[in-house]
Structure formats: structure tokens, C-alpha cells
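An overview of the molecular structure
Now for the letters of each chain:
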Amino acid sequence: MSDFDFTEHSHKRFNPLTGSWVLCSPHRAKRPWLGQQEAVVDVELPSYVPDCFLCPGNKRIGGELNPAYEATYVFTNDFQAVKADQPSYKSDDDKKLAETPLAKTLLRSQGVRGTCRVMCFSPNHNQTLADMSTAEIVNVVEAWKLEYENLGKLEFVNHVQIFENKGAVMGCSNPHPHCQMWATEDIPEEPSKEVAQMRKHKGEHGTCLLCDYVALELSERSRIVSENPSFIAVVPFWAVWPFEVLVLPKFHTHSMSDAFGGEDTAARKQRVEEFAAILRVVTAKYDNLFRCSFPYSMGIHQAPVDGADYSEVVHMHAHFYPPLLRSATVKKFLVGFEMLGEPQRDLTAEQAADRLRALPEVHYKHQ
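Just so you know, these numbers come straight off a predicted model, no measurement behind them. (Residues numbered from 1 in each chain as written. Predicted model: local features only at pLDDT ≥ 70, side-chain atom pairs only at ≥ 80, totals over all residues. Heavy atoms only, no water.)

Considering the overall build of the protein
Selection criterion: Helix and strand definitions follow DSSP, with helices as H or I runs of at least four residues and strands as E runs of at least two, each counted in order from the N terminus. Both definitions apply: the radius of gyration is a C-alpha atom measure, and the globule rule equals 2.2 Å times residues to the power 0.38. For the exposure calls, accessible area comes from a 1.4 Å probe over protein chains only, and a residue counts as buried if that area is under 20% of its type's maximum, exposed if over 50%, partly exposed in between. To measure how exposed things are, a 1.4 Å probe is used in the Shrake-Rupley method; for residues, cover is taken only from the protein chains shown. A positive count includes Lys and Arg, and a negative count includes Asp and Glu. His and the chain ends are not counted in either. Lys charges are placed at NZ, Arg charges at CZ, Asp charges at CG and Glu charges at CD.
Of the regular secondary structure elements, the protein holds 9 helices and 12 strands. Computed over the C-alpha atoms, the radius of gyration of the protein is 22 Å, within 12% of the 21 Å expected from 2.2 N^0.38 for a compact globule of 367 residues. Here the protein holds 367 residues, and the buried ones make up 49% of them. Summing over all exposed atoms, the protein offers an accessible surface of approximately 17900 Å²; the carbon and sulfur share of this is 54%. Within the protein, one finds 38 positive and 48 negative side-chain charges whose respective centroids are separated by 3 Å.

Here it is, written out as C-alpha cells:
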């Protein structure tokens, strides 16, 4: 029997951030595809759309008028997923459930207060992060930091999740490039798992999990997509999505307030610019891969804002989860075994990183 080959033989990879496993089946990348294919929308959007709810000067669905903004614009979501003005509730305290112990055990629930904000990246209806300059993305990063800090000051908020859904296939309801900030009184499942795993690693090894991982990736270099003096972008060893990317600071920091806070020094400006730069490079490479506006869900994980000290445990990072697999029309589905067993991928992380790394950093529209 031949030696084990990670590019040919099925194997599992462990995700230390969540404590979960992913099945990798690289030989399946060769199978023919006769399944669903997405339509390629290769239409040049205008910079302004009169009936867009997010363009400057336009009326939003709730009747409010957008200002004639020239950079980023932030407002409270007109259709919030969580609200601040609702009564508190915990099923454990429900006197009606107390009369039925089984229901109290199995039908647990609790109210969640919070607030949701929307941020338009720029006034241009057709300008995604991939199309923006580093200087323009700096405005976005600074606005993210400010929102994280301001939302974190609300007495009922314990966690702030910044995320972007790009593309209709990712459920984006408006093509005007924007992101969202959901601030909740509970810490959601995914960041909770990551904090628990980072705390476990710190307790067992006395070091930061992601500091150790950055050092390992810088040493091996096979999964690096791009890097600059302050940040590194990799296809993580445990990636689930075909071209998943993890953006990490090379230095230890638990939040944007920590990484980009303090006095307005040259060092602070450099870190902000280099974070903006690596976001531009990753998103431009995505678009260059299949020469399309590459869809993804992106989110930043950083320290909760519940008053606890996470400075030695949490390492800020950004996840990119894109669904496209073979082309602009073929996407990955998390179905079947992946819903009932465990996540599975065909392309290895190293193969995906090779393809992304080889792509130009300049967007194909500007080459």
C-alpha cells in the first residue's frame, strides 16, 4: 500500500478554535458536476441608484432620509433582529413552567435585548471592499472601532458582532455595499466557543492559541495567502469553506480598541492601514479568482464587552466564509452528511491557499 497522501486520501482536521473536526476528501474534487449552477450577474452597477434605500440623499424604507454622506454612513437598522425596548424573560423564572418540570428542563428559553446597526462602506452603490482603496477602507476600520466602543458602552450589551454578507447568494438584501453590527446582551454561540477554546489553550499551555497559530503558519508558510508587517491572511488548516480565509494580527491584541486605540501615533496609523490593506488584498484576490464579484460572509471576532478581562485570552481575528467552489457558478452546499454528521470539504487548505496566493493583489478591473 502507498504512503498516506494528504492531497489524495480522506482525513479529518481539528479546529482548535471551536473544538470541532472537518472531514477532508481531496479526491472528490475530480468528480463531475451536473448539479445546480448559479447565474453569473456580470452587470456594471451605477454609482448611484435613485430607488436604493442606502444611497446618499435617498429615503429609507422607514421614511427617514439619508444624508449626503461622502465616506461611511452608520444608522440603526430599520428592521432590527434584536431590540432594546422589550421586557426581560427567562424560562427558569417562569412560574407557569415551574408546574411542569419536564417542560422547564427541555423547553428552555430567554429573552435577548440588543440593537442592530448598518454601515454603508461608501456613498458609491457599486464600490465593494475589493474595489476600494486602502485609504477608503481605513475609514471603514475606524468606523468599526468606534461602533464597537460605543455599542459596548450600552448597559445591556455584552457582545458586538460586526459582519458583512456580500452577494445575493449570501442573503444580502441590498447590493449597495454595507455591513452590520449586532450588539446583544448575550454572547453568541460561535464567539462563546472560541473564547472557551482560547481560555482552555491558555490554561493548558500558558500561551495564546492564535499567537501560537500565527507563529506556526509563519514557519510553515504553505497556507499563507498574503501578509504585511502587522497582519497575515491564511486559509486555516481546518477550513470548511473552499476558499475560507482567516485574517490575524501578528501581534497579540484582543480588540480593535486595543489594536487601533491610544494616541494618534505613527504606529497606530500603520496598524490601521495594514489591516485595511490586507482586507483589500483578500477581497481583490477573491474577485480575481473567478473574475466576478465574489460572495462571502465576513465577520470580526474580538473580546466581548461584558466587563470581564479578556486581554490575555482573546486574540482578535476576522473570518471570511465564501461559498464558491469550482467557478463563479458552482458553490459549496452544507447538506446531507455535513448537516447530519460533520463538515466536509474537497479542496485541501493548502491547495486553496496556493490558488489564492498566486492571484494578483490588484483587482482585475484595474489591471
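Next, the rest of the story.
Considerations on the packing of aromatic side chains
Just so we agree on the cut-off: The criterion for an aromatic pair is that two Phe, Tyr or Trp rings (for Trp, the six-membered ring) have centres within 6.5 Å, with stacked assigned to planes under 30 degrees apart, edge-to-face to planes over 60 apart and tilted to the rest. Definition used: whenever NZ (Lys) or CZ (Arg) falls within 6 Å of the ring centre and also within 35 degrees of the ring normal, the charge is taken to sit over that ring.
Tallied over the entire structure, the rule returns 16 aromatic pairs. Both rings, one in F14 and one in W21, keep their centres 5.1 Å apart while their planes meet at 55 degrees; by these two values the pair is tilted. Taking the relative accessible area as the measure of exposure, W21 reaches 41% and is therefore partly exposed. Taken together, the ring pairs in this structure connect F243, Y286, F290, F294, Y296 and F320 into an aromatic cluster. A cation over a ring is seen here: R13 above F237, with NZ or CZ 4.4 Å from the ring centre. Its guanidinium or amino end placed over the ring of F251, R271 lies 3.7 Å from that ring's centre, counting from NZ or CZ.

Re the side chain of H125
Note the following rule: When checking whether two residues touch, look at their non-hydrogen atoms; a contact exists if any pair is within 4.5 Å.
With respect to the helices and strands, H125 occurs in the loop between β4 (114-120) and α3 (134-152). Among the residues examined, H125 registers a relative accessible area of 4% and is labelled buried. With residues up to four places along the chain from it excluded, the contact list for H125 reads L45, P46, S47, Y48, V49, C52, C55, N174, P175, H176 and P177.

Quick look at unusual backbone geometry
You will see that R221, though not glycine, has its phi angle at about 70 degrees, which is positive. Here R221 shows up in the loop between α5 (209-220) and β7 (224-227).

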